[in-house]
Amino acid sequence: MQDFIRIHEDDNVAVALRPIAGGEQLTVGPYQVTTLEEIPQGHKFALKPIAEGGEVIKYGFRIGYAKEAIPAGGWVHVHNLRTALGELLDYTYEPVASNLKESAHATFQGYRRANGKVGVRNEIWIVPTVGCVNSIAQALEKKAQKFVGGNVEEIIAFPHPYGCSQMGDDQEHTRTVLADMINHPNAAGVLVLGLGCENSNIPVLKEYIGEYDEQRVKFLQCQDVEDEQAEAMKLIEELATYAGAFSREEIDASELIIGMKCGGSDGLSGITANPTVGAFSDLLISKGGTTILTEVPEMFGAETLLMNRCETPELFDKTVSLINDFKNYFTSHNQTIYENPSPGNKKGGISTLEDKSLGCTQKSGSAPVKGVLAYGEPVKVKGLNLLSAPGNDLVASTALAVSGAHIVLFTTGRGTPFASPVPTVKISSNSKLAGHKDNWIDFNAGRMVEDKSKDQLAQELFDYVLAVASGKKVKAEEAGFHDMAIFKQGVTL
């Protein structure tokens, strides 16, 4: 195993890949360094003296300014490093060409829907229109398990606290997300469960759903019937019969849409797990597939790397708006734009938002940006898409799913058990986490600093994703976890 890594030749810091004791003598490229104190795994140490106010360089880019003079071999972290970021910025489009080339086709075993869309699961979803019927939805999920079997893989309720007492864009976003859930091709059948007096009632929601297959989508308004659970079970039985007629067939990987997200990051996330996902993204896109990158606040400080990969000036302008709109969202609520990183991030070795963002955006690989999506907007073009959503793990992962992701890849340095509406692959940045939380982690990218190259891991991850798309359950699915979280953005009446 490597002891440390200098990520880019311009970096004036290196990252410890194991705990390094004070007084160790290290040769890092052209530098001979003696550590002045213990450097925890994932944390940075200076390769040469950095003056007070001097730039600290990692990934080849500035991640902040030194608060005080930092000697060579000194630990570089929040005690002596501050962000260099400001508020709204002016950007210039400086396009960077991509060298990504097409590669050989690959296939998986998926489900072809009547409307031509593709799913990787054959589930029945119970989607409440309003939080008032959550308990009924959850009771129905339990009762309906008798219909699981054959080609009906799961019956899942997705409770949420919204659908009423909302206004403006907040209400619109909830309706859009619920409609996206109903239209998602991983659901072979959907029961839309309403109350009757809510703002986002079934007649209103139908306008957002658009055209639908009456065999695939059933509606029940609980106030309209005497025994809502008995009536709902009849509808679920009809949906199970319909869903059971689908079977897996060979489908080209170009039809896969994969969401990319990180959470509970550590100092190795931007070195192992996120670059692995970035290489995976390039591999899938080279085969005609699609990936979606989100968590906009964790692009701050690295946004120009994405902006300059936009294929057109129009996409560049949309990406500028993506960034600035989120900054305005923070300031409109009198909140600090650069509150990140979290306590867990800091403990793992991430010191500033630039540090976090430069690691986070590694997930985007090198492909050109082909699309920029509003929150709740379905993906329309193949290739790399950017999606407007916050950094919150559950909210962002749900946003990826409702924009069309069949599967979400979630990198983590500290571990998390949550799920999303679609299979959520947990990718560890370090082997210690993979061993410690084997019941959470699906793929160990920490091997990159042990015995595997990035390209080897990317191919392994690609093969694993094809297996998941073909029916292999991820750890969260095996545990029975299915979560959904909607982005709350307005007042509650």
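Before going into details, it helps to say that this report is about the structure given with it. Computed from a predicted structure; not experimentally measured.

Focus: empty space enclosed by the protein
For step 1, the next point in the chain: According to the stated counting rule, one finds two cavities of 30 Å³ or more in the structure shown.
For step 2, the next point in the chain: Empty space within the largest cavity amounts to approximately 70 Å³.
For step 3, the next point in the chain: Lining the largest cavity we find 14 residues, and of these Asp 266, Gly 270, Ile 350, Lys 356 and Gly 359 sit closest to its centre.
For step 4, the next point in the chain: Element by element, the count of residues in the lining of the largest cavity is highest for helix α9 (residues 353-360), at four residues.
For step 5, the next point in the chain: Grouping the constituent residues of the lining of the largest cavity by class yields four nonpolar, six polar and four charged.
For step 6, the next point in the chain: Estimated volume of the second largest cavity: approximately 50 Å³.
For step 7, the next point in the chain: If you trace the second largest cavity, you find it lined by Glu 123, Ala 419, Ser 420, Pro 421, Val 422, Pro 423, Thr 424, Ala 476, Glu 477, Phe 481 and His 482.
For step 8, the next point in the chain: Its residues placed into classes, the lining of the second largest cavity shows six nonpolar, three polar and two charged.

Here we look at helix α7 (residues 313-332)
For step 1, the next point in the chain: Here α7 is 20 residues long and its end C-alpha atoms lie 28 Å apart, about the 28 Å a rise of 1.5 Å per residue gives.
For step 2, the next point in the chain: Among all positions of α7, only Leu 315, Phe 316, Thr 319, Val 320, Leu 322, Ile 323, Asn 324, Phe 326, Lys 327 and Phe 330 are buried. Projection of α7 onto a plane perpendicular to its axis shows the buried side chains occupying an angular sector of 170°, all on one side. Turned more than 90 degrees away from the buried face of α7, the exposed residues are Glu 314, Asp 325 and Ser 332.
For step 3, the next point in the chain: Here the buried face of α7 lies against α6 (303-307), β19 (369-373) and β20 (383-387).
For step 4, the next point in the chain: One or two steps after α7, the chain reaches Asn 334, where phi turns positive at roughly 60°.

A short note on the environment of Ala 232
For step 1, the next point in the chain: As for its position among the elements, Ala 232 is in helix α4 (residues 228-243).
For step 2, the next point in the chain: A relative accessible area of 0% places Ala 232 in the buried class.
For step 3, the next point in the chain: Linking Ala 232 and Val 192, residues 40 residues apart in sequence, is a C-alpha distance of 9.7 Å.
For step 4, the next point in the chain: The residues touching Ala 232, leaving out its near neighbours within four places in the chain, are Leu 140, Leu 191 and Leu 220.

Focus: the layout of surface pockets
For step 1, the next point in the chain: Of the voids in this model, the largest pocket is the one considered here, and its volume is about 650 Å³.
For step 2, the next point in the chain: The wall of the largest pocket is formed by 28 residues, among which Tyr 59, Phe 61, Leu 305, Gln 362 and Gly 365 lie closest to the centre.
For step 3, the next point in the chain: Those elements that place two or more of their residues in the lining of the largest pocket are α5 (273-286) and α6.
For step 4, the next point in the chain: No other element matches the four residues that α5 contributes to the lining of the largest pocket.
For step 5, the next point in the chain: By residue class, the composition of the lining of the largest pocket is 14 nonpolar, eleven polar and three charged.
For step 6, the next point in the chain: Each pocket or cavity is described by its volume, and for the second largest pocket that value is around 420 Å³.
For step 7, the next point in the chain: Taken together, 20 residues make up the lining of the second largest pocket; nearest its centre are Lys 117, Pro 185, Ile 257, Val 379 and Gly 404.
For step 8, the next point in the chain: Only α2 (168-183) and α10 (393-402) provide two or more residues apiece to the lining of the second largest pocket.

A closer look at the sheet that holds strand β7 (residues 61-66)
For step 1, the next point in the chain: Ordered by their spatial adjacency, three strands build an open sheet running β6-β7-β9, and the pairing between neighbours is antiparallel. Strands at the two margins of the open sheet, each flanked by one partner only, are β6 (55-58) and β9 (81-82).
For step 2, the next point in the chain: Its contacts with the sheet place α9 against β6 and β7, and it is angled at close to 165° to β7.

Observations regarding helix α3 (residues 202-209)
For step 1, the next point in the chain: For α3, every residue scored as buried is listed here: Ile 202, Leu 205 and Ile 209. Taken down its axis, α3 places every buried residue within 60° of arc, on the same side. What points out from α3, more than 90 degrees from its buried face, is the exposed set Pro 203 and Glu 207.
For step 2, the next point in the chain: Taken together, the buried residues of α3 touch α2, β14 (187-194) and β15 (217-221).
For step 3, the next point in the chain: The backbone nitrogen of Val 204 has a side-chain oxygen 3.1 Å away, supplied by the residue at the start of α3, namely Asn 201.

Here is what the cut-offs are and how they apply
- Residues numbered from 1 in each chain as written.
- Predicted model: local features only at pLDDT ≥ 70, side-chain atom pairs only at ≥ 80, totals over all residues.
- Heavy atoms only, no water.
- 1 Å grid on protein atoms, 1.4 Å probe; cavity = no way out; pocket = protein on both sides within 12 Å on 5 of 7 lines; lining within 4 Å.
- Points joined across faces, edges and corners; volume = space filled by probe spheres on them.
- Helix = DSSP H or I, 4+ residues; strand = E, 2+ residues; numbered from the N terminus.
- Nonpolar A, V, L, I, M, F, W, Y, C, P; charged D, E, K, R; others polar.
- Expected span 1.5 Å × (residues − 1).
- Buried < 20%, exposed > 50% of the residue type's maximum accessible area, 1.4 Å probe, protein only.
- Arc of directions from axis to C-beta.
- Contact = heavy atoms within 4.5 Å.
- Pairing = 2+ DSSP bridges.
- Axes fitted to C-alpha atoms, helices over the stretch in contact; angles between N-to-C directions.
- Polar contact = N/O pair within 3.5 Å; in protein donor to acceptor, adjacent residues only side chain to side chain.

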